[in-house]
Amino acid sequence: MDTLLLARLQFATTTSIHFLFVIVTLGLVTLLVGLQTAWVITGKEKYERLTRFWGQLYVINYVLGIATGIVMEFQFGLNWSGLSRYVGNVFGAPLAIETLVAFFLESTFLGMWIFGWHRLRRGVHLALLWGVALTAYASAFWILVANSWLQNPVGYEVRDGVAHLTDFPALLGNPTLTMAFGHVVSAALLVGGMLMAAVSAGHLIRRTPDHALHRTALRIGLVTAALSISMVQSFGFAQFDPVGRVQPTKFGAGGDEAQAMIAEWTTRFGPGDYTPPVLASAGLGFMILIGFTLGALWLLVPLLWRDWIIRLRFPLWLLLLALPLPFVAAILGWIAREVGRQPWVAYGLLPVDQAVSPVGAPVMLTSLIGFSLLLGTLAVTNWVLIARHAARGAHDPALGRAPGQATHLRTEPAFA
């Protein structure tokens, strides 16, 4: 098999699976901040229990997500040495900031938050969670700074065959960054809201105890998801550039500017196909279709404020069955963004075939199989654990349990 194809498949596999962990983490931590803030302000027990319940699911996803991130870093170093050598001086700067400032701080704050229950004052404990959320957003921001540079290289010059960073503020003002960051954040909130609504709907369908608690979580999740899908659509369509000023071959392959750029690339790099594969447009089309479908969430918001509607269960089943849709849309969006800049790793600067490491196909195939099995195992383990702990309900999660407190089951009626 072709080494380049294997390397691209491996990159697609590792980044897709890792991205699913990321959007769950980013979406849930935002909801957690709201829940714990409500608990600190109001002192109501239901917000404490919801914070503990959803915090436990968040921690499971976060821990296993770290492992997928480490695997992704390995495949960068093993398979894309040409990328590191040519653009590492530019591309590495935001990645280093993300690792040192955002990721390490985020992990530190989270560890203190996990073990700070009943040991820290409520305000301090809440501040730690705010720190987790803010550093999570910072982490996503710096990752997108790096990715946006690959989409649209700015603020650099090539010396001795290597790209060097000359204008750091240009990275932050990259026209492909702002709307993309808003799009990813709102997509993460959509995933978090849908996950909360679907899990709560499952408990209401089964008529488990704590009906009032899950009804509250259902409404929070549904409102979050409905607001988020509107933001996803807005930030998504805002990234279209009909004039073709940025990445003209992605959105305007038939325009004069695109043809002129293709002619320039042909002169510099030789003849070749400089238009993105059809897969990019297909992913974009299906993502838009899912986005419009999820827009129907607004129709459910007023309905679920009526107990008799909840007793009908039909809207609850709709939410439960719709849970995979935002995850599928997120992967399709990634495909549209990443495949859309092909055949470039850095758009117009570094072709993919010059970025891949000089290793043989058997070695690349072995690493593809190994990484795929490892990441697949982590993903399956993550969802099995989340499903198992979510099914247990919010009666007494392990997270935040007082020292010496025994696990107990509440015997509230299914419907109050």
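It should be emphasised that the depicted structure is a prediction, and the values quoted were computed from it without experimental measurement.

Asks: I'd like a rundown of the packing of helix α1 (residues 3–42) against helix α16 (residues 361–392), residues and numbers included.
Replies: Look at α1 against α16: their axes get within 9 Å of each other, and the N-to-C directions meet at 15°. Between α1 and α16, the angle falls in the class roughly parallel. With respect to the hand of their crossing, α1 and α16 are arranged in left-handed fashion. Residue classes in the contact of α1 with α16 are distributed as 15 nonpolar, 8 polar and no charged.

Asks: How would you sum up the environment of Ala355? Please name residues and give values.
Replies: The residue Ala355 is located in helix α15 (residues 352–355) in this model. For Ala355, a relative accessible area of 0% puts it in the buried group. In the structure, Ala355 is positioned 149 residues away from Arg206 in sequence and 52 Å away in space, judged by C-alpha atoms. With residues up to four places along the chain from it excluded, the contact list for Ala355 reads Asn79, Trp80, Ser81, Gly82, Leu83, Val345 and Leu350.

Asks: Tell me about unusual backbone geometry, and please be specific about residues and values.
Replies: For the bond running from Gln342 to Pro343, omega is 10°, close enough to zero to count as cis. Position of Pro343 among the secondary structure elements: in the loop between α14 (324–339) and β3 (344–346). For His118, which is not glycine, the phi torsion reads 65° and is therefore positive. Positionally, His118 belongs in the loop between α3 (81–115) and α4 (122–151). When its relative accessible area of 46% is taken as the criterion, His118 is described as partly exposed. Although it is not a glycine, Arg207 sits at a positive phi angle of roughly 55°.

Asks: How would you summarise the confidence of the model for the protein chain if you had to cite specific residues and measurements?
Replies: On average, residues of the protein chain score 88 in pLDDT, and 94% of them reach the 70 mark or higher. Taken together, the stretch residues 406–416 has pLDDT below 50 and engages in 21 contacts with residues farther than four places along the chain or on a different chain.

Asks: I'd love a proper account of helix α13 (residues 314–321), names of residues and values included.
Replies: Within α13, burial applies to Pro315, Leu316 and Leu319. Summarising the axial view, the buried residues of α13 lie within an arc of 105°, below the 170-degree limit, and thus occupy one face. Among the exposed residues of α13, those pointing more than 90 degrees away from its buried face are Phe314 and Leu321.

Asks: Residue-level account of the pattern of salt bridges, with values.
Replies: By the definition in use, this model includes 4 salt bridges. Linking Arg49 and Asp210 is a salt bridge whose minimum nitrogen-to-oxygen distance equals 2.7 Å. One end of the pair, Arg49, is in helix α2 (residues 45–79); the other, Asp210, is in the loop between α6 (178–206) and α7 (211–238), and 161 residues separate them in sequence. Judged by relative accessible area, which is 8%, Arg49 ranks as buried. In this structure, Glu338 engages Arg341 in a salt bridge whose closest nitrogen and oxygen atoms are separated by 2.8 Å. For the residue pair Glu338 and Arg341, the accessibility class agrees, reading buried in each case.

The rules we used
All chains use their own residue numbering, which begins from 1 and follows the written sequence. Predicted model: local features are reported for residues with pLDDT of at least 70 only, side-chain atom pairs are reported and counted for 80 or more only, and whole-chain, interface and lining totals are derived from all residues. By convention in this description, side-chain values take in all heavy atoms of the structure and omit both hydrogens and water. For helices, the axis comes from a line fit to the C-alpha atoms of the stretch in contact; other axes are also lines fit to C-alpha atoms, and the angle between any two N-to-C directions lies between 0 and 180 degrees. Elements are defined by DSSP. Helices are runs of H or I of four residues or more, strands are runs of E of two residues or more, and each kind is numbered from the N terminus. Angle categories are assigned with fixed cut-offs, so that under 35 degrees is roughly parallel, over 145 is roughly antiparallel, 65 to 115 is roughly perpendicular, and the rest are oblique. In this scheme the handedness of a crossing depends on how the near helix is turned from the far one: anticlockwise by less than a right angle means left-handed, clockwise means right-handed. Note that Gly is not counted as nonpolar here; it falls among the polar residues with everything else outside the nonpolar set of Ala, Val, Leu, Ile, Met, Phe, Trp, Tyr, Cys and Pro and the charged set of Asp, Glu, Lys and Arg. Summary of the burial criterion: residues with accessible area below 20% of their type's maximum are buried, those above 50% are exposed, and those between are partly exposed, where the area comes from a 1.4 Å probe applied to protein chains only. Note on definitions: a residue-residue contact is assigned when non-hydrogen atoms from the two residues lie within 4.5 Å. Confidence scores labelled pLDDT are given residue by residue by the predictor and lie between 0 and 100. Within this analysis, the arc is defined by the directions that extend from the helix axis to the C-beta atoms. For this document, the term salt bridge refers to a Lys or Arg side-chain nitrogen within 4 Å of an Asp or Glu carboxyl oxygen.

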